[in-house]
Amino acid sequence: MGVRPGLAAVLVGDNPASQIYVRNKIRACRRIGAHSETLRLSAGTTTDELLRTVERLNGREEIDGILVQLPLPTHISAQRVLAAIAPEKDVDGFHPVNVGRLVSGQPCLAPCTPSGLIEILKRSGIGIRGRRAVVVGRSNIVGKPTAMLLLAEHATVTVCHSRTSDLPSVCREGDILVAAAGRPAMLTREHIRPGAVVLDVGINRIRDAAQAERFLGHDTARLDRFRKTGSTLVGDVHPRHVAEVAAAYTPVPGGVGPLTIAMLMSNTLAASQRRIPASGGPPPHGA
Ligand code: NDP
């Protein structure tokens, strides 16, 4: 297309998980031939310093996407920083302008994990229109945008949270059940409608042997690996129960996570189209 997409990742402090996430994103850029760079700032960086970094990236023509890895140290105003990113370079889709566009059904850069969920459903030939979808979690990063995207695809959507009463029966209404609560194996057999499609966004590291036995007892290979390494990742849905009850589900690890990065690449490519004069800006989400 005559344009090489460029992504800048800003990493503040030395959170080990954030370092891994950023490394994986930069690797993905290399794989697709995009330009990428990581700006590493010390944990003591102030909000004003970070705002100046974002401003500089906003002004650089060869940078199409700006990603400020969350969480930021608590003394930094994440809200101010995210709002400072130029909306057309906001490849995470967290800027209030993109949030507003998403809610009102206008073309936008949509958050990566939620759009990855839609992509999984579409590419698996699972219909969304007219289905009942239940989303467990109402965060701005996952739960709410997922609900909006499912609504845009004509699902009938229910959003649950920590104050939802009788969560199991609400969840069982879902033909499509999205788990994004950040609680290991919280959704069990009683939450899953037989034959439902379950998308498990949760990424929880567990180190407790009894928990590992309870969640992974059916999977001797994984249990052996847990005994060797002392930890493993589980989602928000009980791995054995979902395998027994659901018609289709995303495993953890390896299900939703890789799609998040793929959608970041997709957003970066979409953002780079603004440099092609005839393109008229980013395509609608999901395009
Ligand atoms: P948050 O902690 O921001 O939000 C969690 C949500 O779950 C909240 O809305 C909370 O309700 C709700 N919740 C918590 N406990 C319960 C409960 N017992 N019953 C019902 N609802 C509950 O998490 P995120 O949305 O950022 O992330 C969710 C999970 O997804 C995490 O495990 C995270 O690691 C993972 N994740 C994975 C990604 C991927 O690429 N696969 C990307 C991003 C996140 P309330 O609002 O009432 O507190």
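Use the structure listed above.
Quick notes on the rules
- Residues numbered from 1 in each chain as written.
- Predicted model: local features only at pLDDT ≥ 70, side-chain atom pairs only at ≥ 80, totals over all residues.
- Heavy atoms only, no water.
- Axes fitted to C-alpha atoms, helices over the stretch in contact; angles between N-to-C directions.
- Helix = DSSP H or I, 4+ residues; strand = E, 2+ residues; numbered from the N terminus.
- Parallel < 35°, antiparallel > 145°, perpendicular 65-115°, else oblique.
- Left-handed = near helix turned anticlockwise from the far one by under 90°.
- Contact = heavy atoms within 4.5 Å.
- Nonpolar A, V, L, I, M, F, W, Y, C, P; charged D, E, K, R; others polar.
- Pairing = 2+ DSSP bridges.
- Near = heavy atom within 4 Å.
- Polar contact = N/O pair within 3.5 Å; in protein donor to acceptor, adjacent residues only side chain to side chain.
- Areas by Shrake-Rupley, 256 points an atom, 1.4 Å probe, with all protein chains shown as cover.
- Buried < 20%, exposed > 50% of the residue type's maximum accessible area, 1.4 Å probe, protein only.
- Core = buried A, V, L, I, M, F, W, Y, C linked by side-chain atoms within 4.5 Å.

*Asks:* Looking at this structure, I do not really get the packing of helix α5 (residues 112–123) against helix α6 (residues 143–152). What am I missing?
*Replies:* How two helices pack is summed up by the angle between their axes together with the distance between the axes. Between α5 and α6, whose axes approach to 8 Å, the crossing angle comes to 40°. Considered as vectors, α5 and α6 are oriented oblique to each other. In the packing of α5 onto α6, the handedness of the crossing is right-handed. Note on element contacts: α6 touches α5 through P145, T146, L149 and L150, opposite P114, S115, L117, I118 and L121. When the residues that make up the contact of α5 with α6 are grouped by side-chain class, the tally is 7 nonpolar, 2 polar and no charged.

*Asks:* Could you clarify how one ought to interpret the sheet that holds strand β2 (residues 35–41) in this entry?
*Replies:* Backbone hydrogen bonds hold the strands of a sheet together, and the pairing may be parallel or antiparallel. In space, the 3 strands of this open sheet follow the order β2-β1-β3, with parallel pairing throughout. Either end of the sheet is taken by a strand with one partner, and the two such strands are β2 and β3 (65–68). Averaged over all adjacent pairs, the angle separating strand axes in this sheet is 15°, with direction ignored. Pairing of strand β1 (residues 6–12) with β3, which is carried by 4 bridges, proceeds in the parallel orientation. By the bridge assignment, A8 is partnered in β3 with I66. Seen against the sheet, helix α1 (residues 16–32) touches β1, β2 and β3 and runs at an angle of roughly 170° to β1.

*Asks:* What should I look at first to understand the site of the ligand in this one?
*Replies:* Near the ligand there are 22 residues, and of these R138, S139, H161, S162 and T260 occur at the shortest range. V201 places a main-chain nitrogen or oxygen 3.5 Å from a nitrogen atom of the ligand. Taking 920 Å² as the accessible area of the ligand by itself, protein coverage stands at 71%. Element by element, the count of residues in the shell around the ligand is highest for helix α11 (residues 256–272), at 3 residues. Among the residues making up the shell around the ligand, the classes are represented as 9 nonpolar, 10 polar and 3 charged.

*Asks:* Just checking my understanding: could you explain the environment of R132 for this structure?
*Replies:* Note on placement: R132 falls in strand β4 (residues 132–136). Take R132: its relative accessible area is 33%, and that puts it in the partly exposed class. For the pair R132 and M263, spaced 131 residues apart in sequence, the C-alpha separation works out to 24 Å. The contacts of R132, once residues within four sequence positions are left out, are T156, T158, E173, G174, D175 and I176.

*Asks:* Would you mind going over the nonpolar core with me for this structure?
*Replies:* Here is a general trend for soluble globular proteins: nonpolar side chains tend to be buried in one another's company. By size, the foremost hydrophobic cluster in this structure holds 22 residues, and its most contacted members are L121, I128, L150, I176, V178 and L199. By residue number, the principal contributor to this core is α5, which donates 4 residues. Residues within four places of I128 in sequence aside, it is in contact with I118, L121, L150, E153, H154, A155 and I176. Within the second largest apolar cluster, 18 residues are counted, among which are L11, L67, M263 and A271.

*Asks:* I keep staring at the sheet that holds strand β10 (residues 248–249) and nothing clicks. Help me out?
*Replies:* Judged by pairing direction, the sheet is parallel, and its 5 strands sit side by side in the order β5-β4-β6-β7-β10 without closing on themselves. On the outer flanks of this sheet lie β5 (156–160) and β10, each paired with one strand and no other. Looking at chain direction, β4 and strand β6 (residues 176–179) are connected through 4 bridges and run parallel. Within β6, the residue paired with V136 across the bridge is A179. Sheet strands in contact with α5 are β6 and β7 (197–200), and its direction is about 145° off that of β7. Running over the sheet, α6 touches β4, β5 and β6 and is turned about 170° from β4.

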